[in-house]
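Architecture at a glance
The residues making up each chain are set out below.
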Amino acid sequence: MNTRQAIEWAGTELSGLEDPRLEAELLLAYVLDCDRSRINAYPEQQLNHHEEQRYRVLIRRASRLEPLAYLTGKKEFFGHSFLVNRQVLIPRPETEELVELALQKIEKHGFRRILDVGTGSGAIALSLAAESPAPLTIDAIDKSVMAIKVAGMNRIRIRPAHEDTSVNLIASTLDAFQGNDYDMVVSNPPYIPSAEITALAEGVREYEPHLALDGGTDGLDIYRLLAKRLPTILADGGICLCEVHSPLASETAELFKDSCPGSSVTVHKDLQGRLRIIEISGVRRLLL
Ligand code: GLN
C-alpha cells in the first residue's frame, strides 16, 4: 500500500468523522513521523508492513471516535506540545485565553505566587511558567495522581522562561490549601452538570476522564468549594481566574459574589463571544 492508497482507504473508514481526509493525513504523518505536507507530495511512497499495521490500528480507533490527541499522545497548547493520555482532559483552545489573561495580570500586578486548581496535563501552569519573563512559584494541584504523573512528564518537556521559576505538582484536593497567600488562583475545573454528561459529543463522553468534566449536580461543585476557600488562600489584592461553562456563567458569578464578601466579579467573553472566564478580585482576606 502506498500513501495515496492508505489515505483513500482511511478516508472511507473515517466517513463518520467531521473531516475524514484531514484525520487520515494527520494519522499517517504520525505513523511515518513526517510532516503532513510530505504525505501529499509523495503519494507513491510505500508503507512497510509495520507502518501499515500501525496505521490500520489507529484508523480503527479513530473510527470509534477516539480523539486524535489520545491517538498521537500529544496536543498543542499555547505553542507547546503537551503529552496527553486518557487520564487527563485534552487541553482546549478556549483555555489558552485564560492563560493569556493570567499572563497580563502577572505582568500588570507583579504577581509571583500562583495556584492552579485541577491542573490535569499541566496545561495552564506550565504555559504560565514557559511564558512569564518574571520568576513564578506555581503550585499545581490535582486530585488525580495519574494526572499529576502526566503533568510531571510535561514539566520535563516544557521549560520555564525564567530559571528561578518553579512548578510544584501536588496530588491533592483544595482542602489541604488554607492559610496561604497566593497572588493568583487559576482554574479550569470540571463544570458539566452530571445529568448533561450523557449529552456530550461521543468522543468526549466515551474517552475523556469524567473526573475532569463532571461538576456535580448543578455543575458548580468546585466553584462552590473554591469560593469558600478563596478568602483564606488569596493574598490581599489577589485575583482568581476560572474558566466557566458559558450557560452557567451568571450562576457561577452569583456564587462567588455571595461567598466572597467584598469581591467584584467580572465575566470575560472568549473569541467566539461566549461567556468563558470569570475574574474575581477584591476578596476580603480571612485570617485563620
Ligand atoms: N487544567 C487542565 C486544562 O485546562 C485540566 C482541566 C480539567 O481537567 N478540568 O486542560
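Everything in this summary refers to the structure shown in the same document. (Residues numbered from 1 in each chain as written. Predicted model: local features only at pLDDT ≥ 70, side-chain atom pairs only at ≥ 80, totals over all residues. Heavy atoms only, no water.)

1. Observations concerning the site of the ligand
Around the ligand sit L89, P91, T95, G118, T119, G120, A123, I124, N188, P189, P190 and A212, and that is every residue in its neighbourhood. Taking A212, its main chain carries an N or O atom lying 3.0 Å from a nitrogen atom of the ligand. Across the complex, the protein chains shield 96% of the 290 Å² of accessible surface that the ligand would expose by itself. Of the residues that constitute the shell around the ligand, the class distribution is seven nonpolar, five polar and no charged. (Near = heavy atom within 4 Å. Polar contact = N/O pair within 3.5 Å; in protein donor to acceptor, adjacent residues only side chain to side chain. Areas by Shrake-Rupley, 256 points an atom, 1.4 Å probe, with all protein chains shown as cover. Nonpolar A, V, L, I, M, F, W, Y, C, P; charged D, E, K, R; others polar.)

2. Some details on the pairing of strand β7 (residues 234-243)
Here β7 lies mainly inside the structure; eight of its ten residues are buried. Pairing between strand β6 (residues 182-187) and β7: five bridges, direction parallel. Following the sheet pairing, M184 is matched in β7 by I239. Two strands pair when backbone bridges link them, and β7 and strand β9 (residues 275-281) are joined in this way by five bridges, in the antiparallel orientation. Note that in β9 the partner of L241 across the bridge is E279. (Buried < 20%, exposed > 50% of the residue type's maximum accessible area, 1.4 Å probe, protein only. Helix = DSSP H or I, 4+ residues; strand = E, 2+ residues; numbered from the N terminus. Pairing = 2+ DSSP bridges.)

3. A word on the environment of P135
Positionally, P135 belongs in the loop between α7 (123-131) and β4 (137-142). In this structure P135 comes out as partly exposed when scored by relative accessible area, which is 29%. With 111 residues separating them along the chain, P135 and S246 place their C-alpha atoms 32 Å apart. Every residue in contact with P135, bar those within four places of it in the chain, is listed here: R112, H162, D164 and T165. (Contact = heavy atoms within 4.5 Å.)

4. Points about the packing of aromatic side chains
Counted under the stated rule, the structure contains four aromatic pairs. Aromatic side chains F77 and F82 sit 5.9 Å apart centroid to centroid with 80° between the ring planes, which places their arrangement in the edge-to-face category. Accessibility expressed as a relative area gives 0% for F82, which makes it buried. Note on Y223 and F256: the rings are 6.4 Å apart at their centroids and 80° apart in plane angle, and the pair reads as edge-to-face. (Phe/Tyr/Trp six-rings, centres within 6.5 Å; stacked < 30°, edge-to-face > 60°.)

5. A word on the nonpolar core
Counting residues in each nonpolar core, the largest one holds 33 residues, and the members touching the most others are L115, V185, L230 and F256. The element that contributes the greatest number of residues to this core is helix α10 (residues 221-233), accounting for five residues. If we skip the residues at most four places from it in the chain, V185 touches L115, V117, L226, L230, I233, L234, I239, C240 and L241. Judged by nonpolar contacts, the second largest core, of 31 residues, contains L98, I158, I239 and I277. (Core = buried A, V, L, I, M, F, W, Y, C linked by side-chain atoms within 4.5 Å.)

6. Digging into the sheet that holds strand β8 (residues 264-269)
Pairing between the strands of a sheet comes from backbone hydrogen bonds, and it takes one of two forms, parallel or antiparallel. Here we have seven strands laid out as an open sheet, ordered β5-β4-β3-β6-β7-β9-β8, and mixed in their pairing. Two strands bound the open sheet, and with one partner strand each, they are β5 (166-171) and β8. Taken over all neighbouring pairs, the strand axes of this sheet differ in orientation by 15° on average, direction set aside. Most of the contacts of helix α8 (residues 145-157) go to β5, to which it runs at about 160°, and overall it touches β4 and β5. Across the sheet, α10 lies against β3 (113-117), β6, β7 and β9, angled at about 160° from β7, the strand it touches most. (Axes fitted to C-alpha atoms, helices over the stretch in contact; angles between N-to-C directions.)

7. Considerations on the pattern of salt bridges
On inspection of all chains with the given rule, the structure shows 14 salt bridges. One salt bridge in this structure joins R56 and E52, with 3.2 Å as the shortest N-O distance. Here the residue R56 and the residue E52 both occupy positions in helix α4 (residues 49-63), the gap between them amounting to four residues, near one helical turn. Its relative accessible area of 18% is what places E52 among the buried residues. The closest approach of N and O atoms between R276 and D270, which form a salt bridge, is 3.1 Å. One exposure class covers both R276 and D270, and it is buried. (Salt bridge = Lys/Arg side-chain N within 4 Å of Asp/Glu carboxyl O.)

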